[in-house]
Every structure is written in structure tokens, then in C-alpha cells.
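The chain contents come next:
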Amino acid sequence: MNEDIYCQGCGGPIQSEAPDKMGYVPQSTLEKYELDDILCKRCFRLKNYNETQSVEVTDDDFLQMVSSISQKKGLVIHIIDVFDIEGSILSSLHRVVGDNQTILVVNKIDLLPKSTNQQQLKQWIQSTVKSLGLSFLDVYLISSTKGHGFEDLISDVEKLRKGQDVYVVGTTNVGKSTFINRIIKQATGLNEVITTSYFPGTTLGFIEIPLDDSALLIDTPGIVNREQISHYLDETDLKIITPKKEIKPRVYQLNSEQTLFIGGLARIDFLKGERQSFICYFANDLTIHRTKLSNADDLYNNHLGKLLSPPSESSLKSLGKLQSQSYKVPNKKVDFVFPGLGWITISEGDVTVDIHSSKHVSPMMRSSLY
Ligand code: GDP
């Protein structure tokens, strides 16, 4: 890292080691240009192509940076991923943004089955965030790739911000860059040149996009949540587990003493209860295997990485083997969530299951989304 050289756009320390981190400039560029007016890759792209791209910060750095929002006045947009609500929501959001008003934008809505009742989903999200101790002015369901929900969102943001700046905050991979790039195109038209505002004056790592003559849209670096499974998988595996289009729920009628494997990344053992359906919401490319509970350990030990894949050998090294935990299902419909991977819905009744997952990602039980 070049400790004393800073990006003139966002103020991040210039470095050539980590393309996903703040202040990245390829070594070849560093050698070619004057160092006192250099822009990092993210600011360069914004300036020249009207596009922002993702950068990451660790939790501690993030808290320090984003807490500066609490000293400012503006509307905060917290963007999360509908497919990984638990992994992408920031439970410490209100602490870091202070008294500023916040709205919750739930992205990637195009991944849910078309039959999803959006009003019900919105209510479900509202009660989920309430149980986390969070509250928002409103919740918006959008798709940044398809454009769904943007018209309402943009017109509401225009009213709610009351002429002030807008801060966009989220964990990595929720689609924050895709979201901001769509807003840039929609708000400014493709051809207009956007300039980042120059350091100093910019808060470290934030990049500022003019909304009008007096207000800015501010892109903050994405926060790394170490509990997200994506950090432990190689690129090939990540492609397989990341849904790209509408998820087709897969339904398995199971008797007790049966097991489902989600690739080799997760496993649910149906220990006790009446025959019933287990509805699986995972990327369509991720293979699910049903087997007898009595065969499950052998299958795992002999076929991990082959029949049960992902994980590849390299992913397995960072992910580790599966660990199990027992759950007793209460008398209501629940989802067992494997953060970042997907979830399994169980109807109800007197059911006991064992949930197996990597020690790096904590599975959880929630009241069912559907
Ligand atoms: P960031 O790290 O939050 O800036 O996320 P990116 O904008 O880089 O997006 C991460 C991944 O999610 C990319 O593969 C995007 O194509 C994908 N993505 C972003 N928005 C959406 C969306 O609305 N729907 C779907 N299906 N994928 C999305």
C-alpha cells in the first residue's frame, strides 16, 4: 500500500494489491501516471463511464467510516438482498446512521417465484426487521437488473430527501453497484459526464454522484459480512449457488428418517414427524439429493465433492466439514435458512430435524416467508 497517496475522488489510500478493496489502482497504471492527482479504479470508472463498481471494507473500518453519516443530514437507503435477508441486513444500522431517516430497499425481487404476493412479502419483511429492533420509513421491493419498482422508489426518494443528500449503504453483493448505476442512468441520462467530488471534503471511501445542483447520491463501500457463505467458496462454486433467474421451488415429500443434501453444502435430516413436504428454495443449478438417513453419513464421506457438489476441493478447505444442530419445529410454518444459500420450508406439526451447515455460516429458523 502507498500510505501517503490518496484517491482524489474518494480519499481512499491508493493500493495495487486487492482489486475489490478501496483505493485500488493496477500497478501498471501507477507507474504511468502522476501520483498527486490519481483516481482509484472505482472513481475512474464513475468519472469516465458513469458507472460505479463494488469495493469492500471490513466491519471495523466500515463502522468508523459510516458512522460519519450520523454527523450529517440526509436520507439513508439501506439496500439488502431478498435471497439473503439475514446475511445482508445490518442490525447496527441505526447506531451508525444516527437520527437520519432510513428506508429499506429489498433488491433481487426477480429471483422469487412470480406467484409471490408482494404485499404479504412486504408485511413479512416489516415484521422481520421489527424483530431485529430496526425501523424504516418504508420498505421497497425492487429488481436492479430488471428495473422493477424503480419508478415508485425514485419518486418517493425525491420527496423524502427534502433536498438533502442520499446515502446508499449495504453489505457486499446485494447489488448496490447495479442499483446505483441504474439510478445514474435514469437520473442523468447516459451521456452526461459525472464527476466525483474531489478529496479533501469527501469522506474516506465514499463517492459522490451529483443528483442536482445542491445534493449528492453517496455510494459507501460494501461491508463484508464474514458469515456469508460466498466468502468461503471459489468462483466456480459461487456461480452454481448464486441464482440468476426466478427460483423454481423444489418440493420433496419426506418420511421421517430421510435426508436431503443441498449439494454437499448443507443437509437436513428429518428425524421425527408425520410425512410432509419440504419445499426447497435454492438456485436452480444447485443439485439436491434425497437419501435414507441411515445412508447419509456414508454418502457424505464417500461422495463429497463428487455426487454431492459443490464444494470443490478448494472451497472445502476454507468452508470445513458440516456440523449439525437439532431443532424442534414449533406449531407453525417455518423456514430453515442457510444464509446466502437459500432455505427449506416445513409446513408444521410435531417435527424434529437436524440441520447441518458449515461452522462459518449459522443456519437459522424463521417464520415462513410464504
Ligand atoms: P454490490 O457488491 O452490492 O455492489 O453488488 P453488484 O451490483 O456487484 O451485484 C452483485 C451480483 O448481484 C451481480 O452478479 C449482479 O448481477 C447481481 N444482481 C444485482 N442486482 C440484481 C437484481 O436485482 N436481481 C438479480 N437477479 N441479480 C442482481
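Residues numbered from 1 in each chain as written. Predicted model: local features only at pLDDT ≥ 70, side-chain atom pairs only at ≥ 80, totals over all residues. Heavy atoms only, no water.

A. Quick look at the overall build of the protein chain. Looking only at helices and strands, the protein chain has 11 helices and 18 strands in total. Since a compact globule built from 370 residues should have a radius of gyration of about 21 Å, the 22 Å found for the protein chain is in line with a globular shape. Its C-alpha atoms give the protein chain principal-axis dimensions of roughly 65 × 45 × 35 Å. Split into buried and exposed, the 370 residues of the protein chain put 52% on the buried side. Sequence-distant contacts, at least 24 apart, represent 73% of the contacts inside the protein chain between residues at least 6 apart. In the form shown here, the protein chain has an accessible surface area of approximately 17200 Å², with 48% of it arising from carbon and sulfur atoms. With 39 positive and 45 negative side-chain charges, the protein chain shows a spacing of 6 Å between the two charge centroids. (Helix = DSSP H or I, 4+ residues; strand = E, 2+ residues; numbered from the N terminus. Rg over C-alpha atoms; globule rule 2.2 N^0.38 Å. Buried < 20%, exposed > 50% of the residue type's maximum accessible area, 1.4 Å probe, protein only. Contact = heavy atoms within 4.5 Å. Areas by Shrake-Rupley, 256 points an atom, 1.4 Å probe, with all protein chains shown as cover. Lys, Arg positive; Asp, Glu negative; His and termini not counted. Charge placed at Lys NZ, Arg CZ, Asp CG, Glu CD.)

B. How the structure looks around the sheet that holds strand S11 (residues 266–272). Within the open sheet, the 5 strands sit side by side as S13-S10-S11-S17-S14. Their pairing is antiparallel. The open sheet has two edge strands with one neighbour each: strand S13 (288–292) and strand S14 (322–329). Shown here is a sheet whose adjacent strand axes are inclined to one another by a mean of 20 degrees, direction ignored. Along the sheet, helix H10 (residues 293–303) makes contact with strand S10 (258–262), S11, S13 and S14, crossing S13 at roughly 125 degrees. (Pairing = 2+ DSSP bridges. Axes fitted to C-alpha atoms, helices over the stretch in contact; angles between N-to-C directions.)

C. Expanded view of the packing of aromatic side chains. Scanning all chains against the criterion turns up 10 aromatic pairs. Between Tyr-167 and Phe-206, the ring centres sit 6.3 Å apart and the planes meet at 70 degrees, which makes this aromatic pair edge-to-face. Of this pair, Tyr-167 sits in strand S5 (residues 165–169) while Phe-206 sits in the loop between helix H8 (176–188) and strand S6 (207–210), and the two are 39 residues apart along the sequence. Of the two residues, Tyr-167 and Phe-206, both sit in the buried class. The structure contains a cluster of three or more aromatic residues connected by ring pairs, namely Phe-83, Tyr-281, Trp-343 and Tyr-370. The ring centre of Phe-150 lies 5.5 Å from the NZ or CZ of Arg-182, which sits over that ring. In this structure, Arg-366 packs its charged tip against the face of Trp-343, placed 4.7 Å from the ring centre. (Phe/Tyr/Trp six-rings, centres within 6.5 Å; stacked < 30°, edge-to-face > 60°. Lys NZ or Arg CZ within 6 Å of the ring centre and 35° of its normal.)

D. Quick peek at the pairing of strand S15 (residues 334–338). Where burial is concerned, most of S15 is hidden: 5 out of the 5 residues are buried. Here S15 shows two buried faces, one formed by Val-334, Phe-336 and Phe-338 and the other by Asp-335 and Val-337. Pairing analysis gives 5 bridges linking S15 to strand S16 (residues 342–346), with the strands arranged antiparallel. Among the inter-strand pairings, Phe-336 is bridged to a residue of S16, identified as Ile-344. The loop that links S15 with its antiparallel partner S16 comprises 3 residues; one of these, Gly-340, has a positive phi angle of about 85 degrees.

E. Quick look at the site of the ligand. The full set close to the ligand counts 17 residues, and Asp-110, Ser-144, Lys-176, Ser-177 and Thr-178 are the nearest of them. Interatomic distance of 2.7 Å between a backbone N/O atom of Ser-144 and an oxygen atom of the ligand. In isolation the ligand exposes 580 Å². Once the protein is present, 77% of that is buried. If one sorts the elements of the shell around the ligand by residue count, H8 sits on top with 3 residues. Class assignment for the residues of the shell around the ligand results in 2 nonpolar, 11 polar and 4 charged. (Near = heavy atom within 4 Å. Polar contact = N/O pair within 3.5 Å; in protein donor to acceptor, adjacent residues only side chain to side chain. Nonpolar A, V, L, I, M, F, W, Y, C, P; charged D, E, K, R; others polar.)

F. The arrangement of the pattern of salt bridges in detail. What the rule picks out here adds up to 16 salt bridges. The salt bridge involving Asp-156 is made with Lys-159; its shortest N-O contact spans 3.7 Å. Remark: Lys-159 and Asp-156 occur in helix H7 (residues 150–160); sequence separation between them is 3 residues, near one turn of the helix. Note on Asp-156: relative accessible area 22%, which makes it partly exposed. (Salt bridge = Lys/Arg side-chain N within 4 Å of Asp/Glu carboxyl O.)

G. Fine view of the nonpolar core. By size, the foremost hydrophobic cluster in this structure holds 40 residues, and its most contacted members are Val-66, Ile-69, Leu-104, Val-106, Leu-121, Ile-125 and Val-169. Among the elements that take part in this core, helix H6 (residues 118–131) stands out by supplying 4 residues, more than any other. If you count residues domain by domain, this core takes at least three from each of domain 2 (59–225) and domain 3 (240–367). Residue contacts for Val-169: discarding those within four places in its chain leaves Phe-62, Val-66, Ile-69, Val-76, Ile-77, His-78, Ile-79, Leu-90, Leu-93, Lys-176, Thr-220 and Ile-223. In terms of nonpolar packing, the next biggest core, distinct from the first, is built from 31 residues, Leu-46, Leu-75, Tyr-140 and Val-157 among them. (Core = buried A, V, L, I, M, F, W, Y, C linked by side-chain atoms within 4.5 Å. Domains from an automatic or database assignment.)

H. Molecular detail of the pairing of strand S3 (residues 102–107). Within S3, 6 of the 6 residues are buried, leaving the element largely enclosed by the surrounding structure. Residue alternation in S3 divides its side chains into two sets, Thr-102, Leu-104 and Val-106 and Ile-103, Val-105 and Asn-107, and both sets are buried. As judged from the 3 bridges shared by S3 and strand S4 (residues 139–141), these two strands associate in the parallel manner. Paired with Val-106 across the two strands is Leu-141, which belongs to S4. As for the winding sense of the linkage, the β-α-β connection from S3 through H6 to S4 is right-handed. (Right-handed = clockwise from strand over helix to strand, strands pointing away.)

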